[in-house]
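Okay, here's what each chain looks like letter by letter:
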Amino acid sequence: MAAGYSLVGWNGFKRAYDGVMLAGLAVFFAAHLGAGWMSAPAGQQPSEIQMLIRASGAAAFSLLTIILCLGPLARLTPRALPLVYNRRHLGVACFLVALLHGGLVVLWYHGFSEMNAFVSLLVSNPRYDSFGGFPFESLGVAALLILFLMAATSHDFWNTVLGPRFWKGLHMGVYAAYGLLVAHVMLGAAQGEAGFAAAALAGVSALLVSGLHIAAGQREAARDRAAAAEAEGWLDAGPAQEIPDGRAVILTPPEGERIAVFREGAKIYAVANACRHQGGPLGEGRILDGCIVCPWHGYQYRPEDGCSPPPFTEKVATFRTRIREGRVLVHRLAQPPGTELAPTLIPEVVS
Amino acid sequence: MSASVAEAIWLGLALYVGIGLVAGLGTVMFGLGRLTAADVPVRVRLLILPGLAALWPFVLARLAGLGAPEDRA
Amino acid sequence: MAQEPFFVGWQEGPPQISRRQLLAAGAGLVAGSGALGAGLGAVSPAPGPGVWDQGKKVAVTGTIYPEPYLHLLTEDLGYGLRPVFLVGPGKDRIHVRPALTFTGAAVTGTLIERGEHAMMAVEGVYPDPAPGRVRAGPEKDLGDAVLTGEILDAKCWFGAMRPGHGKTHKACAALCARGGLPLAFAETGRCANGKAALLLLDERGRAFGPQIIPFVADAVMIRGRIFEVAGLRQVRVALEDVVRL
């Protein structure tokens, strides 16, 4: 990314996405608070702050569950891809709701005392040696710190400064945060009266997230097992005519990263499959206006040299291609990112 | 966990963030040119400040020319 | 296949077919959020009948006793002779000049009440212009008992917090216990619904020290002896007879 940064690259879809997100959160809070108020006997309603603590905790946990489901869902069905596009706004919203929850807890349960509220957060329940009695607040604090790190580094500036690998690794911390939050709920709210609802929410959510990841993982593993046949360094990508125009097939070499083999009319190109932005699968993208477009966030690369069009500076590796007996062959050795290679022409289409 | 251990944890965290805020402010005012060739408007500088305060050791390493340049296209 | 719509986020608006799907997904997400929120909100337990009206200032007269917890013995509340525990606005004990104890006093503040239990967040303590010492009378020994339930901080359970019991409230209860506020014991099932709790004291009828803190808000079984003093039941129990379940 070499063009100037903006706070948010707003467009119509992002506005609609954020609108749905904010409406969902508002409806969730209203329904939670309203139902909590109305279901209690008259005069026995919970205090407003404690209701808000419950609602914000449930909202943050549910939102994080949705966020974690979107990735594998998009692997399983392309229909979910638009939901991945603006996922970082969900992440920042999740952090802000979790911060509201944490702030109210610190104020309400740990404030109004001579002891420092933050010290109280770690020491008021001293049963660190117990499983069932473990101070679940500490788990929430750890999760909130991870969510903060992710929210604070969600801007594309950080992807450039830290590098895509480091950035991705940092953001994989969301799974640690989620694990901590499941334990936070199970060892906290789930142990109170009517804790079955909290336990069910955490349990079903954790199963859903795990199940979707396992299903998506199995699909990816099956793709990896079907490694392309190799002869003298050339990988068989199948018949040229079977590659849809403007799209790609994804090759899995016996070793190394996947390769996306694109056809644009009579021309065949091969580039590394992983987008430099967030590792999105370029081979599931399209060629639009002469550029490969990543299905996750729309990052573009020229198919002939793997470079993003100016002023952008991302580059992916390119691969040599040739056609033998109507089949596309791709050499397994990657050329340095940005290396221009002439496309291979499909004879039948050319003639 | 004793109160003194908890105090030490929070004090350490406050110290880390305090150093990070100073380092972050310095970076947004004088150091961004060494991190990216792109133009970074003031509003974006404010947005990235919390991250700079949290990840200041990594940012300082990048400013010093260390880190993972292979990742940077 | 190539004619299938392809979503590019930065383009203005998704393809037409996706727009319908996305609208349906968006509406479904919002409706689902409402259903989930309502479901989770509706199953939240009611906290019980405790009340702390912080806008209603009152003055109560009686006699202040410092032990086992600072309290005002009074007949002003309409339940006959009752102790009103005296606490600060937060989670720490307050101190009253010795000259104002064991004699008639007027206390101003706000009442925290649950059933016949009462506590007062104190704003001022004054000598009673017409002093008459109120006495608790003889204590009644109601015999030994084995009970299961929860050790509570009385201020929150009386109504300062709603709810003021359970694991999520443990840290707050521990903070109140550390601050010297009265502790109580409610039998299982009565934490939320019950109007009556027992004042929790050690086997010699004194307030527990910090050694009880790890047990607050946990499910425990206690074996102790029950007494009734000035209309309030108390359970006196040795620390070793508090067993976590």
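So, how was this worked out
- Residues numbered from 1 in each chain as written.
- Chains lettered and ligands numbered in written order.
- Predicted model: local features only at pLDDT ≥ 70, side-chain atom pairs only at ≥ 80, totals over all residues.
- Heavy atoms only, no water.
- Helix = DSSP H or I, 4+ residues; strand = E, 2+ residues; numbered from the N terminus.
- Buried < 20%, exposed > 50% of the residue type's maximum accessible area, 1.4 Å probe, protein only.
- Expected span 1.5 Å × (residues − 1).
- Contact = heavy atoms within 4.5 Å.
- Buried area = accessible area lost by both parts, 1.4 Å probe.
- Salt bridge = Lys/Arg side-chain N within 4 Å of Asp/Glu carboxyl O.
- Polar contact = N/O pair within 3.5 Å; in protein donor to acceptor, adjacent residues only side chain to side chain.
- Pairing = 2+ DSSP bridges.
- Core = buried A, V, L, I, M, F, W, Y, C linked by side-chain atoms within 4.5 Å.
- Domains from an automatic or database assignment.
- Axes fitted to C-alpha atoms, helices over the stretch in contact; angles between N-to-C directions.
- Parallel < 35°, antiparallel > 145°, perpendicular 65-115°, else oblique.
- Left-handed = near helix turned anticlockwise from the far one by under 90°.
- Nonpolar A, V, L, I, M, F, W, Y, C, P; charged D, E, K, R; others polar.
- Phe/Tyr/Trp six-rings, centres within 6.5 Å; stacked < 30°, edge-to-face > 60°.
- Lys NZ or Arg CZ within 6 Å of the ring centre and 35° of its normal.

Chemist: Could you give me a rundown of unusual backbone geometry, with the residues and numbers involved?
Modeler: Glycine aside, negative phi is the norm for most residues, and most peptide bonds take the trans geometry. A cis amide bond, omega 10°, links A:Pro310 with the succeeding residue A:Pro311. With respect to the helices, strands and loops of the structure, A:Pro311 is situated in the loop between strand E8 (300-301) and strand E9 (321-324). Going from C:Glu67 to C:Pro68, the amide bond is cis rather than trans, its omega being -10°. In this fold, C:Pro68 is placed in the loop between strand E1 (51-65) and strand E2 (71-74). You will see that A:Glu232, though not glycine, has its phi angle at about 50°, which is positive. With respect to the helices, strands and loops of the structure, A:Glu232 is situated in the loop between strand E1 (230-231) and strand E2 (234-239). What makes A:Glu232 exposed here is its relative accessible area of 75%. Notably, C:Ala217 is not glycine yet its phi reads approximately 70°, a positive angle.

Chemist: A description of helix H9 (residues 173-186) of chain A should follow, citing residues and the corresponding values.
Modeler: Along its 14 residues, H9(A) runs 20 Å from first to last C-alpha, staying within 8% of the 20 Å computed at 1.5 Å per residue. Turning to H9(A), its buried residues are A:Gly173, A:Val174, A:Ala177, A:Tyr178, A:Leu181, A:Val182, A:His184 and A:Val185.

Chemist: How would you explain the interface of chain A and chain C if you had to name every residue and give the values?
Modeler: Facing 69 residues of chain A, the contacting portion of chain C comprises 54 residues. Across the interface of chain A and chain C, roughly 5,100 Å² is buried in total on both sides, 64% from carbon and sulfur atoms. Along the contact surface separating chain A from chain C lie one salt bridge. The residue C:Asp218 makes a salt bridge to A:Arg127 at a minimum N-O spacing of 2.6 Å. Seen at the junction of chain A and chain C, the total is 14 residue pairs in polar contact (both at pLDDT 80 or more). Listing elements by their share of the side of chain A that touches chain C, those giving two or more residues are helix H1 (12-39), helix H2 (48-76), helix H3 (81-85), helix H4 (87-110), helix H5 (117-123), helix H6 (136-152), helix H10 (195-225) and strand E6 (286-288) of chain A. In terms of residue count, the dominant contributor to the side of chain A that touches chain C is H1(A) (12 residues).

Chemist: Hey, could you go over the sheet that holds strand E10 (residues 327-331) of chain A for me, with residue numbers and the actual values?
Modeler: Residues and elements named next belong to chain A. Taken in spatial order, the four strands of this open sheet run E1-E2-E10-E9, and their pairing is antiparallel. The outermost strands of the open sheet, each flanked by one partner alone, are E1 and E9. By the bridge criterion, two bridges tie E1 to E2 in an arrangement that is antiparallel. In the sheet register, Ala231 faces E2, and the bridge partner there is Trp234.

Chemist: Can you break down the nonpolar core residue by residue, with the values?
Modeler: Counting 80 residues, the largest nonpolar core has A:Val261, A:Val328 and A:Val330 as the members making the most contacts within it. When residues of this core are assigned to domains, at least three fall in each of domain 1 (12-223) and domain 2 (230-350) of chain A. Among the nonpolar cores identified, the runner-up in size contains 50 residues, and A:Ile53, C:Phe158, C:Cys191 and C:Leu201 belong to it.

Chemist: Got a sec to walk through the packing of H2(A) against H10(A)? Specific residues and values, please.
Modeler: Residue and element names in this part refer to chain A. At their nearest, the axes of H2 and H10 sit 9 Å apart, and the two run at 20° to each other. Accordingly, the angle class assigned to the pair H2 and H10 is roughly parallel. Helix-helix and strand crossings are classified by hand; for H2 and H10 the assignment is left-handed. Taken together, the residues of H10 that come into contact with H2 (itself represented by Phe61, Ser62, Thr65, Leu68, Cys69, Pro72, Leu73, Arg75 and Leu76) are Leu201, Ala202, Ser205, Leu208, Val209, Leu212, His213, Ala215, Ala216, Arg219, Glu220 and Arg223. Here the residues of the contact of H2 with H10 are counted per class, giving 13 nonpolar, four polar and four charged.

Chemist: Tell me about the domain arrangement of chain C, residues and numbers included.
Modeler: Residues and elements named next belong to chain C. In terms of domains, chain C is made up of domain 1 (51-127) and domain 2 (140-244). Measuring from the centre of the C-alpha atoms in domain 1 to the corresponding centre in domain 2 gives 20 Å. Taken together, the contact pairs 23 residues of domain 1 with 33 residues of domain 2. Taken over both partners, the interface formed by domain 1 and domain 2 buries close to 2,300 Å², and the fraction arising from carbon and sulfur atoms is 65%. On inspection of domain 1 and its partner domain 2, the count reaches zero salt bridges. Here domain 1 is connected to domain 2 by 11 residue pairs in polar contact (both at pLDDT 80 or more).

Chemist: Help me get a handle on the packing of aromatic side chains, residues and values and all.
Modeler: Under the definition given, this model contains 14 aromatic pairs over all chains. Centroid distance A:Phe166 to B:Phe58: 4.9 Å. Interplanar angle 70°. Geometry classified as edge-to-face. Of this pair, A:Phe166 sits in helix H8 (residues 164-171) while B:Phe58 sits in helix H3 (residues 56-63), placing the two residues on different chains. Judged by its relative accessible area of 28%, A:Phe166 falls in the partly exposed class. Taken together, the ring pairs in this structure connect A:Tyr5, A:Phe157 and A:Trp158 into an aromatic cluster. Its end group placed over the ring of C:Phe227, C:Arg236 keeps NZ or CZ at 4.0 Å from the ring centre.

Chemist: Kindly report on the pairing of strand E8 (residues 198-201) of chain C, identifying the contributing residues and their values.
Modeler: All names here are of chain C. Side chains Leu198 and Leu200 project from E8 onto one buried face, and the interleaved Leu199 and Leu201 project onto a second face that is buried too. Both strand E7 (residues 183-187) and E8 contribute to a ladder of two bridges, which runs antiparallel. For Phe185, the partnering residue across the bridge sits in E8 and is Leu198.

Chemist: With reference to specific residues and values, describe the side chain of B:Arg62.
Modeler: Tracing the sequence through the fold places B:Arg62 in helix H3. Within the local environment of B:Arg62, its side chain forms a polar contact with the backbone oxygen of A:Leu162, the two atoms lying 2.7 Å apart.

Chemist: Which residues make up the pairing of E9(A), and what are the values?
Modeler: All names here are of chain A. Side-chain alternation along E9 places Thr321 and Ile323 on a buried face and Arg322 and Arg324 on a face that remains uncovered. Sheet topology places E9 next to E10; four bridges connect them, and they run antiparallel. Across the sheet, residue Thr321 finds its bridge partner in E10, namely Val330.

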